[in-house]
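Here is what each chain is made of, one letter per residue.
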Amino acid sequence: MPEPTKKDEMPNGQPEESVAPSLPEISLEVSPPPEAEAEGKEPLETDGKEAEPTEPDALQAVGAQDGNGSKRRPTGGVGVSEQAEPAEGQCPTPPPDDDGAAQPCPTPQTDASSAKKLSVDLPNDSVPAMGRKDSVWSLGEGQAPEDLDKPIDNPPLSILLIEKPQSASVPVGGDITFVAKVEAKDLLRKPTIKWFKGKWMDLASKTGKHLQLKETFERATKIHTFEMHIIKAKENYAGNYRCEVTYKDKFDSCSFDLEVKETEQGTQNIDIRSAFKRSSEGQEDAGELDFSGLLKHRNQREPKQQDDTPEVDVWEILKNARPDEYEKIAFMYGITDLRGLLRRMKKIPKEEKKSEAFAKRLEPAYQVDKGGKIRLVVDLADPTVDLKWYKNGQEIRPTPNQRKYIFEHKGTQRIMVINNCTMNDDAAYAVAAGDEKCTTELFVKELPVKIIKGIEPVKTTVNERIELECEVSEEGAQVKWMKNGVEVPTGVRSRYRVKSEGTKHYLVIDDASREDTGTYSIMATGGTSEAHVQVDLKPLKVFVDLQDMTVMLGQPIKLHCEIFPGNVPGRWYRNGQLIQPNDRINIIHRNKVHRLEIETSSLHDAGDYTFVPEGYSQSLSAKIHIIDPPRVHLDSLNLPDNTMTVVAGNKLRLEIPISGEPAPRVVWMKGERVILESGHRVRAETYGDQTSLTIEITEREDSGNYKIVLQNEAGEASASIKIKVVDIPDPPDAPLVPVVGGDWCSMTWEPPKYDGGSPILGYFIERKKKQSSRWMRLNFDLIKETSFEPKKMIEGVPYEVRIFAINAIGVSKPSEPSKAFTPLAVTSEPTMLVVDDVTDTTVTVKWRPPETIGAAGLDGYLVEYCIEGTNDWVVSNKELTEKTKYTITGLSPGCKILVRVKAINAAGASAPRTLQHSILVKEVIEPPKIRVPRHLKQTYTRRVGETVNLVVPFMGKPRPKVTWLKEGKPIEPSHVSIRNTDCDSIIFIRKAERSHSGKYEMTVQVENHKDTAIIDIQIVDLPGPPQCVTIEDVWGGNVALVWTPPKDNGNAPITGYTIQKADKKTMEWFTCIEHYHRTCITITELVVGNEYFFRIFSENMCGLSEAATQTKKSALIVKEGLQVKTPEYNDRDFKEAPKFTQPLINTFAIAGYNTTLNCSVRANPRAKVVWMKNKIIILDDPRYRMFSNQGVCTLEIRKPSPYDGGLYTCKAINDLGEAQVDCKLEVKGGFSFFELMQRGVPLNLIDKYMNETKIVEQDK
């Protein structure tokens, strides 16, 4: 037997659709199956377009095996397309794009009563399958044959689009325009429109030279027009397009197809290998409307080098190859666009081969009703050929006893009759004549099963039998029982039983319960029926009710009740909480008896118990009361000897657990006094399972025994507890400070009288300054003794100290502060004790204060002396002296004494300062020396009427004799007062006059030694007016004035003149110039026509003269035109040799203090200044600084010493000559021989220094 061929292939391996003739369209009405209707699902609908496979197996349209062994129909065979528009609420299903994928659309539930009209399209490859929509067969309720010709309701109109774009075709390279219009009468703004190709490619991003989008609006008609222009269409532009319009919550869409027709030309002119290579980004039209433009970019492969292999016609190879070899051939010849290649092959007209065995083939498809019969007729070209029939690839063999298949022969016709068609006969059939084969497909239409008698409502009680009955139109029909929309389970263990007797169907529930209440329905292919079933409970009867009980704690509890019906379960509740059985609780149900048993009762078991029968609102209840004798649980506190210790001042809350049921009455007592709950500081509280004693602020008096008494209906109990209140100790008494030092003291104290019930652990000490309020702790470790020595105190500051006592409870309050004490220390010894003067009976010593005086201050000094060789010190001054100089009197001439000085303050006497060498009591002659103050070394100037008071100090022993002379004549005491002391002389003039001016000579003489000093006093006054003022010349607005200096210059140089002018008419004086130094001037800018007088004031350091000298004649300013004679002047030669205008002055300096030497020089050109000491030029010596500013020359000597004394010279040199001035500098305050020895100066240097000092004194 030859092997049967595939359903969709001819014996030569070509697909069946290439030879199938075109047949008329067969319209069918198909409804969804009962399963889909019950579950609310849409019938499965798929795209009928041929999917373009990517594997060889996809090219073979062979259906997969079903569960019953039959094959599914291939998509290339008979397809069913939906003709009806979608119902309202559904989106229109757009045609698939080039890839064969349908647009997504929500699938709402389909009403079982709504029918869909579908059409069966038989393939015909001679006509392009544009717009054809195929789908698989959908089972469901269909229309009766007499209803097929009824008109179909028109679909709902579009809500936005008034004109939709229509499907069209265009040749390759041609242009086409699609138009969509929207009416804008009810729209407030322009709607949004989008153009798509396929499912998701938005064409707005693809606009360019091949695609343009245009929008216009006509105001007259209020219509928006949207246009899509495709320019120079290409083959890959073909496919399904979609237009979507959106405005707020409104939406409308429309799908249309574009067919691109290829120009008629032979396939031999097409380079298939280059035509079906995918475009890349580098090409001109890459990715414009093709999906390949959206693929992931990859580097373009380099073109392979052309080889010399001969050209191959790939079209011929593909035409003669089997479909499963297409991919292999495409890969071999470098064709990458396999999908486009398959679409192109479909469009190539195929040559139909004339059959040699069949004169007429089977129809592509047949349809028959279930239970009917069908005739399959084929006409043979050769009646002698053996014929075989196949069903789903299996040969059909006739049997004598079976009348299912009947084979008939009528001439060249061969007929197979299928009787009593069932759903198993719905299959693919084929007939083979020799090597040729033709196929067809048989569709069996199942008639809907209708319900003749529906189910009726049922109302019954629990445990009764329920039987629901329904009658259908067909015996043996399949029905489905549902409860509340859910299919009823009918398994072996199910409570539901389903049975059928002929056309009657039953649903039986043997033992009904309340859960069986609901809506039951039966579903058949032709309708449904439903009814409500109500299951109620039987009335409840109580034979034995629950009883209230009172049980001692720990005894068993047994609750018992009897109800009818007996098989009703129930639940036990305690205080509204469900009771679950456990090891202690046992729940028993036997027929009518329900029991709850608790082995050992506890306090938690007390409460309201309720038994609720299941399904009933009625309940049984009882109260259980648990009683227990009262008890006090002091052991839980773990108190030693039942004693509670608390710190005074703290809050005490003593909580003691108690037990007893019902809650006992608690009474707290201390002695005979009952503690109430309403107490303010001490109160007792009881709540729950414990009682508490609260003392807000404990005191020492709260210590003692407390008793607790508990009472309830089960008995009485009592207990005692002791409370011990401990406190901080009392503060100690004020400490004593017996000894005080310079920065320390010694203090003692006594322990506190009361230790607070706990031993004293130690003490803290604090101190503070008396005037301060801030205490500072002195120790951080406890001091166990009762004495302490504070240190590091500030001398002279009053302090106070206090004590804290510490025990285990805490720190006591501070003691009273001690009496204020001040740490004091004696001063250090006086310093620099030297002999100041010695006479025949006195010795004068002087010293300096101590370096450290201390806070106690210095009350004075005590001077003591003793004769050399003895140790008997005699106090020279009975009373303390505050001065640092003292003269010891009453000494014997020629004796030698030692002297010492002590500093005395409140702390006592300091260590003495003693002279290291003894002093010989014998007077020493000291040559006199006048110390002229620095301001008196120059001319001392005062104004008339001012006071003159000059003090001139001097030295010398014994007391020198002082004399004063003026201009070589004695001074009259009536004019000048002179007062002399041991060390200075004072000259005093109460009211100076000009006659007091002059040079005063002071002479100091000791025996044959004397010293002289001259003091120049100048008393100045206002000057007189100029002597004569004349008008020398008048020209233009100028007047030349000349005058002579005043006769009286006021005993001071004239510093300038002030010139004023006055108009003759008004005689009001105005100042022209002030501080003018010359005696001639030209006054300018005078008014023409006015006549002026002039006057001049003279000026010195005291001010302007009291009167002014006025011109005798006036100056008349006349108009221009007068000739002024200009005198000729010779240039003055200002060159000048150096000349000192202020010489150097002999100066006395104090050792260690800076001093300066000043002089002034005038020279032109500027002179070079050189300073010399003892005729040696001073160069680069850091102890000297030289300045020169505006002719004033200064030499600064830094911290001079006696060595810096000598003759200083300032020398000025320029091209015209030189000049110099000299002065002597004497440095006072040098060291004595003893001081130099103390400083460790070598003897040779001391000798040299002493000799130089003597020479200087002799020179003076």
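Only a predicted model underlies this, so the values are computations on that prediction, with no experimental measurement involved.

What counts, and at which threshold
- Residues numbered from 1 in each chain as written.
- Predicted model: local features only at pLDDT ≥ 70, side-chain atom pairs only at ≥ 80, totals over all residues.
- Heavy atoms only, no water.
- Helix = DSSP H or I, 4+ residues; strand = E, 2+ residues; numbered from the N terminus.
- Buried < 20%, exposed > 50% of the residue type's maximum accessible area, 1.4 Å probe, protein only.
- Areas by Shrake-Rupley, 256 points an atom, 1.4 Å probe, with all protein chains shown as cover.
- Pairing = 2+ DSSP bridges.
- Phe/Tyr/Trp six-rings, centres within 6.5 Å; stacked < 30°, edge-to-face > 60°.
- Salt bridge = Lys/Arg side-chain N within 4 Å of Asp/Glu carboxyl O.
- Axes fitted to C-alpha atoms, helices over the stretch in contact; angles between N-to-C directions.
- pLDDT = per-residue confidence, 0-100.
- Contact = heavy atoms within 4.5 Å.
- Disulfide = S-S within 2.5 Å.
- Polar contact = N/O pair within 3.5 Å; in protein donor to acceptor, adjacent residues only side chain to side chain.

Comments concerning the overall build of the protein chain
So, point 1. Helix and strand content of the protein chain: 8 helices and 89 strands.
So, point 2. Counting the 1260 residues in the protein chain, one finds 38% classified as buried.
So, point 3. Approximately 73400 Å² of the protein chain is accessible, and the part contributed by carbon and sulfur atoms is 49%.

Regarding the sheet that holds strand E16 (residues 387-391)
So, point 1. Spatial ordering of the open sheet is given by E14-E21-E20-E16-E17, a layout of 5 strands whose pairing is mixed. Edge positions in the sheet fall to strand E14 (365-369) and strand E17 (394-395), since each of these pairs with one other strand and no more.
So, point 2. Pairing geometry for E16 and strand E20 (residues 428-433), over 5 bridges, is antiparallel. Each residue of the ladder has a partner; that of Lys388, found in E20, is Ala432.

Here we look at the packing of aromatic side chains
So, point 1. Here the structure, examined in full by the defined rule, presents 11 aromatic pairs.
So, point 2. Consider the rings of Trp1043 and Tyr1057, whose centres lie 5.4 Å apart with planes at 70°: the pair is edge-to-face. One end of the pair, Trp1043, is in strand E73 (residues 1038-1043); the other, Tyr1057, is in strand E74 (residues 1056-1063), with 14 residues separating them in the sequence.
So, point 3. Ring geometry for Trp1043 and Tyr1076: centres 6.3 Å apart, planes at 55°, overall tilted. Taken together, the positions of Trp1043 in strand E73 and Tyr1076 in strand E75 (residues 1069-1076) put the pair 33 residues apart, joining distant regions of the chain. The same class applies to Trp1043 as to Tyr1076, namely buried.
So, point 4. Three or more aromatic residues joined by ring pairs make a cluster, and in this case those are Phe178, Trp195, Tyr241 and Phe256.

Quick word on the pattern of salt bridges
So, point 1. In this structure the tally under the stated criterion is 45 salt bridges.
So, point 2. Its salt-bridge partner being Glu766, residue Arg802 comes within 2.8 Å of it at the nearest N-O pair. A residue pair is termed long-range when its members are at least 10 positions apart, and Arg802 in strand E53 (residues 799-806) and Glu766 in strand E50 (residues 762-769) qualify at 36 residues. Each member of the pair, Arg802 as well as Glu766, is classed as buried.

A look at the sheet that holds strand E58 (residues 885-888)
What holds strands together in a sheet is hydrogen bonding between their backbones, with the strands either parallel or antiparallel.
So, point 1. One open sheet holds the 3 strands; their spatial order is E54-E55-E58, and the pairing between them is antiparallel. For this open sheet the edge positions go to strand E54 (831-838) and E58, each flanked by a neighbour on one side alone. Mean inter-strand twist for the sheet, computed between neighbouring axes without regard to direction, equals 25°.
So, point 2. Looking at chain direction, strand E55 (residues 843-848) and E58 are connected through 4 bridges and run antiparallel. If you follow Val845 over to E58, its bridge partner there is Tyr886.

Let's talk about the pairing of strand E77 (residues 1091-1100)
Note on strand geometry: in a regular strand, side chains alternate between the two faces of the sheet.
So, point 1. The element E77 is extensively covered by neighbouring structure, given that 8 of its 10 residues are classed as buried.
So, point 2. Looking at chain direction, E74 and E77 are connected through 8 bridges and run antiparallel. Residue pairing across strands places Ile1059 opposite Ile1096, the latter belonging to E77.
So, point 3. In this structure, E77 lies alongside strand E80 (residues 1115-1116), joined through 2 bridges in antiparallel fashion. Pairing of Tyr1092 across the sheet is with Ala1115, part of E80.
So, point 4. Direction of pairing for E77 relative to strand E78 (residues 1103-1104): antiparallel, over a ladder of 2 bridges. Bridge pairing in E78 places Glu1099 opposite Leu1104.
So, point 5. Hairpin remark: E77 followed by E78, antiparallel, with 2 residues in the connecting loop.

A word on the confidence of the model for the protein chain
So, point 1. In this model, the protein chain carries a mean pLDDT of 80, and residues with pLDDT of at least 70 account for 80%.
So, point 2. Per-residue pLDDT stays below 50 along residues 1-157; that stretch engages in 274 contacts with residues further than four places along the chain or on separate chains.
So, point 3. Note on residues 279-310: pLDDT under 50 across the span, and 35 contacts to partners over four residues away in sequence or across chains.

A short note on the side chain of Ser997
So, point 1. Structurally, Ser997 can be placed in the loop between strand E69 (984-989) and strand E70 (998-1006).
So, point 2. With relative accessibility at 19%, the residue Ser997 sits in the buried group.
So, point 3. Those residues within four positions of Ser997 in sequence are excluded, and the remaining contacts are Lys966, Ile1017, Gln1018, Ile1019 and Asn1051.

So, unusual backbone geometry
So, point 1. In this model, Phe564 is joined to Pro565 through a cis peptide bond whose omega is 0°.
So, point 2. Take Pro565: it is sitting in the loop between strand E33 (557-564) and strand E34 (570-574).
So, point 3. Residues Glu661 and Pro662 are joined by a peptide bond in cis, for which omega reads 0°.
So, point 4. With respect to the helices and strands, the residue Pro662 is situated in the loop between strand E41 (652-661) and strand E42 (665-670).
So, point 5. Although it is not a glycine, Met1067 sits at a positive phi angle of roughly 55°.
So, point 6. One can find Met1067 in the loop between E74 and E75.
So, point 7. Of note in this structure, Glu1085 is not a glycine but carries a positive phi near 60°.
So, point 8. Turning to its location among the elements, Glu1085 is positioned in the loop between strand E76 (1080-1083) and E77.

Observations regarding the state of the cysteines
So, point 1. With the rule as written, the count across this model stands at 0 disulfides.
So, point 2. Of the cysteine sulfurs around Cys1159, a residue in no disulfide, the closest is that of Cys1210, at 3.7 Å.
So, point 3. Judged by its relative accessible area of 2%, Cys1159 is buried.

A look at the environment of Ile904
So, point 1. Within the secondary structure layout, Ile904 lies in strand E59 (residues 896-905).
So, point 2. For the pair Ile904 and Tyr861, spaced 43 residues apart in sequence, the C-alpha separation works out to 5.7 Å.
So, point 3. Beyond its immediate chain neighbours, meaning those up to four positions away, Ile904 contacts Leu858, Asp859, Gly860, Leu862, Leu880 and Ala909.

Observations concerning the pairing of strand E65 (residues 948-957)
So, point 1. When strand E63 (residues 926-930) meets E65, the two strands line up antiparallel, connected through 3 bridges. In the sheet register, Lys929 faces E65, and the bridge partner there is Met955.
So, point 2. One ladder, built from 6 bridges, connects E65 with E69; its direction is antiparallel. For Val952, the partnering residue across the bridge sits in E69 and is Ser985.

Observations concerning the environment of Ser529
So, point 1. Within the secondary structure layout, Ser529 lies in strand E30 (residues 527-536).
So, point 2. For Ser529, a relative accessible area of 12% puts it in the buried group.
So, point 3. In the structure, Ser529 is positioned 48 residues away from Trp481 in sequence and 9.8 Å away in space, judged by C-alpha atoms.
So, point 4. In this structure Ser529 touches Ile451, Gly454, Ile455, Tyr520, Ser521 and Ile522, once residues within four positions along its chain are discounted.
So, point 5. Within polar-contact distance, the side chain of Ser529 engages the backbone nitrogen of Ile455 at 3.1 Å.

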